[in-house]
Amino acid sequence: MRVMVLVKATADSEAGHRPEPFFSQMMAAMDRFNDELRAAGALVMAAGLVESSAGKRVLFDGEARSVIDGPFPHPEELVAGFWLWDVASMDAALAWVQRCPNPMPGPSIIEVRPLH
């Protein structure tokens, strides 16, 4: 089963706030976690995303298209990073997520969604 694992953004991550020493320690812990995923054959892909201020949205309305420049509102609804995992089940994915280092200095959310 393939799942997309989404690290939800926060107001701080959208502002580019990367406090030290937290950020360096978290990245080192995340590298170790990714190495474990890779060794288990679960990791397909992983990446962090830059702040939404560098992004664009394309709105579709019938044949019409319009482009909206970031930053986008509601940071808690945005994605700051993602993994694509190949795991045996949703329970297996949740077990991995529960082992994951906290990706933010404060409260954070990681969402897991199966692929079609």
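Here the structure is shown first, and the text comes after it.
A few points on the structure. Since the model is a prediction, treat every value here as computed from it, not as a measurement.

Let's shift gears to the overall build of the protein chain. Assigned secondary structure in the protein chain consists of three helices and six strands. The N-to-C order of helical and strand elements in the protein chain reads β-α-α-β-β-β-β-α-β. Taking all 116 residues of the protein chain together, 32% fall into the buried category. When the accessible surface of the protein chain is totalled, it reaches about 7300 Å², and 57% of it is carbon and sulfur. A distance of 4 Å separates the average location of the 10 positive side-chain charges in the protein chain from that of its 15 negative side-chain charges.

This part covers the nonpolar core. Phe33, Leu37, Trp83 and Trp85 are the most contacted members of the largest nonpolar core, which has 22 residues in total. Sorting the residues of this core by element identifies strand S1 (2-8), helix H2 (22-39), strand S5 (79-86) and helix H3 (90-99) as the ones contributing at least two each. Looking at which element gives the most residues to this core, the answer is H2, with four residues. Setting aside its immediate chain neighbours within four residues, leucine 37 contacts Ala42, Leu43, Trp83, Trp85 and Trp96.

Right, let's get into H2. For H2, with 18 residues, the first-to-last C-alpha span of 26 Å sits near the 26 Å given by 1.5 Å per residue. Among the residues of H2, those classed as buried are Met26, Ala29, Met30, Phe33, Asn34 and Leu37. Down the axis of H2, the buried set is contained in an arc of 145°. They therefore lie on one face. In this structure, H2 carries Gln25, Arg32 and Ala39 as exposed residues pointing more than 90 degrees from its buried face. Of the residues flanking the end of H2, it is glycine 41, one or two places downstream, whose phi is positive at about 75°.

Further remarks concern the sheet that holds strand S2 (residues 43-48). The four strands are arranged S2-S5-S1-S6 in an open sheet whose pairing can be described as antiparallel. Of all the strands in the sheet, the pair left with one neighbour each is S2 and strand S6 (110-114). Taken pair by pair, the neighbouring strands of this sheet meet at an average axis angle of 15°, ignoring direction.

Following the criterion strictly, the structure yields four aromatic pairs and no others. Put simply, the rings of Phe33, Trp83, Trp85 and Trp96 touch in pairs and so form one group of aromatic residues. The positively charged end of arginine 18 is found above the aromatic ring belonging to phenylalanine 23, 5.9 Å away from the centroid. A cation over a ring is seen here: arginine 57 above phenylalanine 72, with NZ or CZ 4.0 Å from the ring centre.

Of all the six residues making up strand S3 (residues 56-61), zero are buried; the element is thus mostly uncovered. Where S3 and strand S4 (residues 64-69) come together, six bridges link them in antiparallel fashion. Among the inter-strand pairings, lysine 56 is bridged to a residue of S4, identified as aspartate 69. Adjacent in sequence and paired antiparallel, S3 and S4 are bridged by two residues, among which glycine 62 carries a positive phi angle near 65°.

Criteria and cut-off values
Residues numbered from 1 in each chain as written. Predicted model: local features only at pLDDT ≥ 70, side-chain atom pairs only at ≥ 80, totals over all residues. Heavy atoms only, no water. Helix = DSSP H or I, 4+ residues; strand = E, 2+ residues; numbered from the N terminus. Buried < 20%, exposed > 50% of the residue type's maximum accessible area, 1.4 Å probe, protein only. Areas by Shrake-Rupley, 256 points an atom, 1.4 Å probe, with all protein chains shown as cover. Lys, Arg positive; Asp, Glu negative; His and termini not counted. Charge placed at Lys NZ, Arg CZ, Asp CG, Glu CD. Core = buried A, V, L, I, M, F, W, Y, C linked by side-chain atoms within 4.5 Å. Contact = heavy atoms within 4.5 Å. Expected span 1.5 Å × (residues − 1). Arc of directions from axis to C-beta. Pairing = 2+ DSSP bridges. Axes fitted to C-alpha atoms, helices over the stretch in contact; angles between N-to-C directions. Phe/Tyr/Trp six-rings, centres within 6.5 Å; stacked < 30°, edge-to-face > 60°. Lys NZ or Arg CZ within 6 Å of the ring centre and 35° of its normal.

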